[in-house]
Amino acid sequence: MTRVVITGAGTINALGHDVPTTLAAMREGRCGISELEFRDVERLAIRIGGQVKGYDAEAVFNRQQLSLYDRFTQFTLIAARQAMAQAGLQFSGALADRSGVVLGTSGGGLTTQDENYRAVYEEGKNRVHPFVVPKLMNNAAASHVSMEFNLRGPSFTVATACASSNHAMGQAFQMVRSGLCTAMITGGSESMLCFGGVKAWEGLRVMSKDACRPFSATRNGMVQGEGAGVFVFEDYEHARARGAEILCEVIGFAMSSDAADIVMPSKQGAARAILGALQDGGIAPSRVGYINAHGTGTAANDKTECAAVADVFGPHADHLMMSSTKSMHGHLIGGTGAVELLACIMALRDGVIAPTIGYEEPDPECALDVVPNEARDAEVEVALSNAFAFGGLNAVLALGQV
Amino acid sequence: MNTQDVKQTVIGIIADQAMLEPGDIAMDSTPESLGIDSMGLVEAIFAIEEAFDISVPFNANEPQGSEFDISTVAHIVTGVEALIAEQRA
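Cut-offs used in this document
- Residues numbered from 1 in each chain as written.
- Chains lettered and ligands numbered in written order.
- Predicted model: local features only at pLDDT ≥ 70, side-chain atom pairs only at ≥ 80, totals over all residues.
- Heavy atoms only, no water.
- Buried < 20%, exposed > 50% of the residue type's maximum accessible area, 1.4 Å probe, protein only.
- Helix = DSSP H or I, 4+ residues; strand = E, 2+ residues; numbered from the N terminus.
- Pairing = 2+ DSSP bridges.
- Core = buried A, V, L, I, M, F, W, Y, C linked by side-chain atoms within 4.5 Å.
- Domains from an automatic or database assignment.
- Contact = heavy atoms within 4.5 Å.
- Axes fitted to C-alpha atoms, helices over the stretch in contact; angles between N-to-C directions.
- Disulfide = S-S within 2.5 Å.
- Buried area = accessible area lost by both parts, 1.4 Å probe.

A. Local environment of the pairing of strand S1 (residues 4-13) of chain A. Residues and elements named next belong to chain A. Burial analysis of S1 places 10 of its 10 residues in the buried class, the great majority of the element. In this structure, S1 lies alongside strand S8 (residues 248-257), joined through 3 bridges in antiparallel fashion. Bridge pairing in S8 places Ile6 opposite Cys248. For S1 and strand S7 (residues 227-235), the ladder comprises 9 bridges, and the chain directions are antiparallel. Considered in S7, the bridge of Ile12 is made with Ala228.

Here it is, written out as structure tokens:
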């Protein structure tokens, strides 16, 4: 099997508009969650989120592009450009044919849908922009990335709610590992922070009005975020031959389905995905030093996730660190695993463990080292990234130092 | 809407959610005893909001800590009456 490495990373999210700024914020334990700013926000009960601020779309894209790029596509392209610049790859000829793009998103062009439904239903307009469909479709971002970088191989979009990015990156990993592809652009994006997007989540009564405090006994729900994370996954030999800088290696991946409940998480389903990723990579549990948790800050997820980790790792669960960076950037839904992979890369490459901020009080049902409030220096050999979606669809990635 | 109507409407909503007859709902029944889980409770509260045109403060992450007391049917009815008085004033 081909070894798979990451040679480029890019992001835009509430913590920063690129990878260095985002990692600096994670090291400082800075919170990117703030008051939401968009039309009709005053009609919402939930008014906070990890919204991307200080972003001017017109400074990055021209008018023609913006008529085709929903906010989730804009975020994807910004992150993809950074990742491609770092990787230093040019796609042409056979390499272009053997490289593609697999991205995760849950809502796709939800903001475009929201704006256009408002126009026809609320404002009574009888005409919408001709590009509404190609702008809102879930695969728009993947297609625009393929066009911008001439990726002519397997390309598609994965939608598994909160696990979309991890499922997408797992797919990209397997495509390179199996020899089907030489390089894959992968990750995910989400932009649901519009009136309809937040209103729908509000209905579920699982959102916090004040903060995301994963694993804390005082936690009272999740906080939505937005943004994108995009990576270049590449055949290790190919990367080495061209002298590329290698950020880390992707060493294992597993998926599972709870087959149980549409919203309530399952310890067994989560545990099977975690254990599966270890087995897939031939990783002894004792080698895992850090887990980037799904850690949504809901009552149900956090205790279930801790129980699953305790089951899989046994006594070693007390010797590993597990943090939720959602406390800082919010829950990016279909894009969340991609932004969170950055915390795993920082752990492996820089030896810095991102904290779980907002932590106030221990919960006996979350009795693991959740790296409360302050980042920590530690040498980590293997890191895991958990994602457990509504619908009971789980996806866990394992990364290692090269 | 008088007190009796509020009570009957709330019981009707809870009975619907529990898939029972309204006559089977006792005032000291708890959501758990009626087999209503946290998502069922969220749906019942939505139905109450729609029926009375009120907004019910309830967070599924801390059902015991919410301002709205859902411990028994009687407490739910009392809570709804208070919200109607407050929000329609």
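B. Here's a closer look at unusual backbone geometry. Residue and element names in this part refer to chain A. In this model, Ile333 sits at a positive phi of 50°, which is unusual for a non-glycine residue. In this fold, Ile333 is placed in the loop between helix H14 (326-329) and helix H15 (336-350). Positive phi, normally seen in glycine, also occurs at Val371, with a value near 50°. Tracing the backbone shows Val371 in the loop between strand S11 (352-353) and strand S12 (376-377). Taking the relative accessible area as the measure of exposure, Val371 reaches 0% and is therefore buried.

C. The nonpolar core, seen in detail. Within the largest apolar cluster, 93 residues are counted, with the highest numbers of intra-cluster contacts made by A:Ile6, A:Phe231, A:Phe233, A:Tyr290, A:Leu399 and B:Val80. Ranked by the residues each element gives to this core, the list is headed by H15(A), at 9 residues. The residues that make up this core include at least three from each of domain 1 (4-241) and domain 2 (252-400) of chain A. Residues contacting A:Phe231, with those up to four places away along its chain left out, are A:Ile6, A:Gly8, A:Ala9, A:Ala83, A:Met169, A:Met184, A:Ile185, A:Thr186, A:Ala338, A:Leu341, A:Leu342 and A:Ile345. Formed by 33 residues, the second largest nonpolar core is a distinct cluster that contains A:Tyr69, A:Ala80, A:Leu151 and A:Ile185.

D. Region of interest: the sheet that holds strand S6 (residues 183-190) of chain A. Residue and element names in this part refer to chain A. Spatially, the 10 strands line up as an open sheet ordered S5-S4-S6-S7-S1-S8-S14-S13-S9-S10, and their pairing is mixed. Among the strands making up the open sheet, the edge pair consists of strand S5 (155-158) and strand S10 (321-323). Across the sheet, the mean angle separating the axes of adjacent strands is 25° when strand polarity is ignored. One ladder, built from 4 bridges, connects strand S4 (residues 99-104) with S5; its direction is parallel. The residue of S5 that forms the bridge with Val102 is Phe156. Sheet strands touched by helix H8 (residues 140-149): S4, S5 and S6. Its angle to S4, the strand with the most contacts, is close to 155°. Contacting S1, S6, S7, S8, strand S9 (288-292), strand S13 (382-389) and strand S14 (393-400), H15 runs over the sheet at an angle of about 165° to S13.

E. The state of the cysteines, seen in detail. Residue and element names in this part refer to chain A. Per the stated rule, a full pass over the model turns up 0 disulfides over all chains. There is no disulfide at Cys162, and the cysteine sulfur nearest it, in Cys212, is 12 Å away. For Cys162, a relative accessible area of 6% puts it in the buried group. Cysteine Cys248 remains unbridged, with the sulfur of Cys344 as its closest cysteine sulfur at 8.2 Å.

F. Representation of the domain arrangement of chain A in the model. Residue and element names in this part refer to chain A. Domain annotation for chain A reports domain 1 (4-241) and domain 2 (252-400). Computed over C-alpha atoms only, the centres of domain 1 and domain 2 are separated by 21 Å. Residue-level contacts link 61 residues of domain 1 with 66 residues of domain 2. When residues of domain 1 are sorted by the area they lose upon contact with domain 2, Met26, Cys162 and Phe215 head the list and together hold 19% of the total.

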